[in-house]
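Listed below, chain by chain, are the residues.
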Amino acid sequence: MTSAPQLHTGVCVRVPAKVNLELRVGPPRPDGFHSLATVYQAVSLFDTIEVSADRDWGIEVVGRTAAGVPADESNLALRAAHALADAAGIDRPVRIRVTKEIPVAGGMAGGSADAAGALLACHRLWGLDLSPAELAAIAAGLGSDIPFLLAGGTALGGGRGERVVPTATRGTYHWVFALSDEGLSTPAVYAECDRLRGAAPVPQPEPSADLLAALSFGNAEAVADAMGNDLQEAALSMQPALAGVLEAGLSFGALAGIVSGSGPTLAFLCRDAESAIDLAVSLTASGAAADVRKAHGPAAVGPVEVATCR
Ligand code: C5P
């Protein structure tokens, strides 16, 4: 006999993936991180995080891209819930259910999105009153991309990526993401970037004024011209087959194609929603990419809602 699922009142939030429109990487810092100048855009591929009070701490991971995501204490969402409980001086166990749509180990900050969602949902469930700056500080302690994903949208990122300043943009940007069969480890891609650069001095990174101007005008062609990623060469060196997929995307009409973050997901910016559909079809029909996703940006987080969770 199967028993009906137990229902709890919990809190639920949807958190988007991100793409870096620009990722300028400076020299390694004494703490091992690299100084960055980046422009983040959140895109409409979402993980959903539900938290509910329970007797013990626990996590469950389901959804289209759940395979390979640890459902144990190493999961970033559970670590985020513990970090918030520690900061607030409380011990109120929660059960977390993550429904994954964001590609895993793909350079789209899927784990960071889950951590941001867990922070927002637990903050609400526990009735806490931390300021946005206090939440951002806890987020930064867990990962460089997490403060950005507390709100999404479009933002400039400095420091190691954790210092974010929201940026006004116009328009909607249409994306096609080509997924890779195998993930890439972010530390390994940064290490490969350092290796390829050798001993040459690396200047402190700065965001491009052209990109920020193009975003403020909502001009997708100008945004495409100004996009760039200093980790691209390293990601291509570790997965050389990506170069052919990039070429295919451009030949099928993308305005621009870049490696997303540390890769290996490739991000193609398209002229409009129709071109994105055409590109997604061409990439799959030609066999250039086995798996693609369409999305648009900028996407927002939330709302953080009280919900009935399984
Ligand atoms: O902060 P996060 O956990 O996302 O970083 C994962 C790894 O990526 C770091 O341990 C580091 O090796 C590398 N990284 C870096 N410089 C950054 C961000 C990440 O070297 N600004």
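What comes next is a walk through the structure. (Residues numbered from 1 in each chain as written. Predicted model: local features only at pLDDT ≥ 70, side-chain atom pairs only at ≥ 80, totals over all residues. Heavy atoms only, no water.)

1. Observations concerning the overall build of the protein
What counts here: Secondary structure is summarised from DSSP: a helix means a run of H or I of at least four residues, a strand means a run of E of at least two, and numbering begins at the N terminus for each. Note that the radius of gyration is over C-alpha atoms, with the globule rule given as 2.2 Å times the number of residues to the power 0.38. Exposure categories follow from relative accessible area, calculated using a 1.4 Å probe and restricted to protein chains: below 20% of the type maximum is buried, above 50% is exposed, and the middle band is partly exposed. Here the accessible surface of atoms and residues is derived via Shrake-Rupley with a 1.4 Å probe, and residues count as covered only by protein chains that are part of the display. Positive: Lys, Arg. Negative: Asp, Glu. His and the chain ends are not part of the count. For the purpose of locating charges, the reference atoms are NZ of Lys, CZ of Arg, CG of Asp and CD of Glu.
Regarding its fold elements, the protein presents ten helices and twelve strands. For a compact globule of 310 residues, the expected C-alpha radius of gyration is about 19 Å, and the protein comes in at 19 Å, within 12% of that figure. The principal-axis extent of the C-alpha atoms belonging to the protein is close to 55 × 50 × 35 Å. Taking all 310 residues of the protein together, 52% fall into the buried category. Just so you have it, the protein exposes about 13,600 Å², and 53% of that area is on carbon and sulfur atoms. Computed over 21 positive and 33 negative side-chain charges, the inter-centroid distance for the protein is 4 Å.

2. Describing the packing of aromatic side chains
Rule in force here: For Phe, Tyr and Trp, where Trp contributes only its six-membered ring, two rings pair if their centres lie within 6.5 Å, and the inter-plane angle classes them as stacked under 30 degrees, edge-to-face over 60, or tilted in between. Charge-over-ring placement is defined geometrically: NZ (Lys) or CZ (Arg) within 6 Å of the ring centre, and within 35 degrees of the ring normal.
This structure, assessed with the given rule, holds three aromatic pairs. Note on Trp 175 and Phe 177: the rings are 5.9 Å apart at their centroids and 20° apart in plane angle, and the pair reads as stacked. Both residues of the pair, Trp 175 and Phe 177, belong to the buried class. In this structure, Arg 14 is placed above the aromatic ring of Phe 46, and the distance from its NZ or CZ to the ring centre is 3.9 Å. Cation over ring: Arg 160 sits above Phe 33, and NZ or CZ is 4.8 Å from the ring centre.

3. A few points about the nonpolar core
Cut-off, in case you're wondering: Residues belong to one nonpolar core when they are buried, are Ala, Val, Leu, Ile, Met, Phe, Trp, Tyr or Cys, and are joined through side-chain atoms within 4.5 Å.
One finds Ile 96, Leu 119, Trp 175 and Phe 177 to be the most contacted residues of the largest nonpolar core, which totals 70 residues. Leu 23, Val 25, Tyr 190 and Leu 246 belong to the second largest nonpolar core, which has 27 residues in total.

4. Considerations on the pattern of salt bridges
Pairing is possible between side chains that carry opposite charge, provided their charged atoms lie close to one another. Convention followed: Whenever a carboxyl oxygen of Asp or Glu lies within 4 Å of a side-chain nitrogen of Lys or Arg, that contact is scored as a salt bridge.
Applying the stated criterion across every chain, the model contains twelve salt bridges. Here Arg 195 ties to Glu 192 by a salt bridge, and the two come within 2.9 Å at their closest N and O atoms. On the criterion of helical spacing, the pair formed by Arg 195 and Glu 192 is a turn pair, its members being three residues apart in helix α5 (residues 186-197). Ionic pairing is found between Arg 271 and Glu 221, a salt bridge with its closest N-O pair at 2.4 Å. Here Arg 271 is found in the loop between β10 (266-270) and α10 (273-285), whereas its partner Glu 221 is found in helix α7 (residues 220-226), with 50 residues between them in sequence. A residue is classified by how much of its surface remains accessible, and Arg 271, at 48% relative accessible area, is partly exposed. Where salt bridges share partners, they join Glu 22, Arg 24, Arg 197 and Asp 230 into one cluster.

5. Observations concerning the layout of surface pockets
To be explicit about the condition: The method works on a 1 Å grid over the protein atoms by themselves. A cavity is a set of points holding a 1.4 Å probe that cannot get out, a pocket is an open set with protein on both sides within 12 Å along at least five of seven lines, and residues with an atom within 4 Å of a point line them. Grid points are joined across faces, edges and corners, and a volume is the space filled by probe spheres set on the points. Basically, the charged four are Asp, Glu, Lys and Arg, the nonpolar ten are Ala, Val, Leu, Ile, Met, Phe, Trp, Tyr, Cys and Pro, and anything else, Gly included, counts as polar.
Volume-wise, the largest pocket comes out at about 1,000 Å³. For the largest pocket, the lining is made up of 40 residues, of which Ala 109, Ser 112, Asp 145, Thr 186 and Pro 187 are closest to its centre. The element that contributes the greatest number of residues to the lining of the largest pocket is helix α2 (residues 110-125), accounting for four residues. Here the lining of the largest pocket is composed, by residue class, of 17 nonpolar, 17 polar and six charged.

6. Remarks on the environment of Glu 162
For the record, the criterion: Here a residue-residue contact requires only that any non-hydrogen atoms of the pair lie within 4.5 Å.
Note that Glu 162 resides in the loop between β5 (154-158) and β6 (163-166). Apart from the residues within four sequence positions on either side, Glu 162 is in contact with Ala 140, Ser 144 and Pro 147.

7. As for α5
Spelled out, the test is: Expected helix span is computed as 1.5 Å times (number of residues minus one).
Between its first and last C-alpha atoms α5 spans 17 Å; for twelve residues at 1.5 Å apiece the expected length is 16 Å, and the two agree. A positive backbone phi angle near 60° is found at Gly 198, which sits one or two residues after α5.

8. Some words on the sheet that holds strand β11 (residues 291-297)
Put simply, the test is: A pair of strands is treated as paired once DSSP finds two or more bridges between them. Only the stretch in contact is used when a helix axis is fitted, and all axes are lines through C-alpha atoms; the angle between N-to-C directions ranges over 0 to 180 degrees.
Sheet architecture is open: four strands sit in the order β9-β10-β7-β11, paired in antiparallel fashion. Of all the strands in the sheet, the pair left with one neighbour each is β9 (256-259) and β11. When strand polarity is set aside, the average angle formed by the axes of neighbouring strands in this sheet is 25°. Bridge count between β9 and β10: four bridges; the pairing is antiparallel. Each residue of the ladder has a partner; that of Gly 257, found in β10, is Phe 268.

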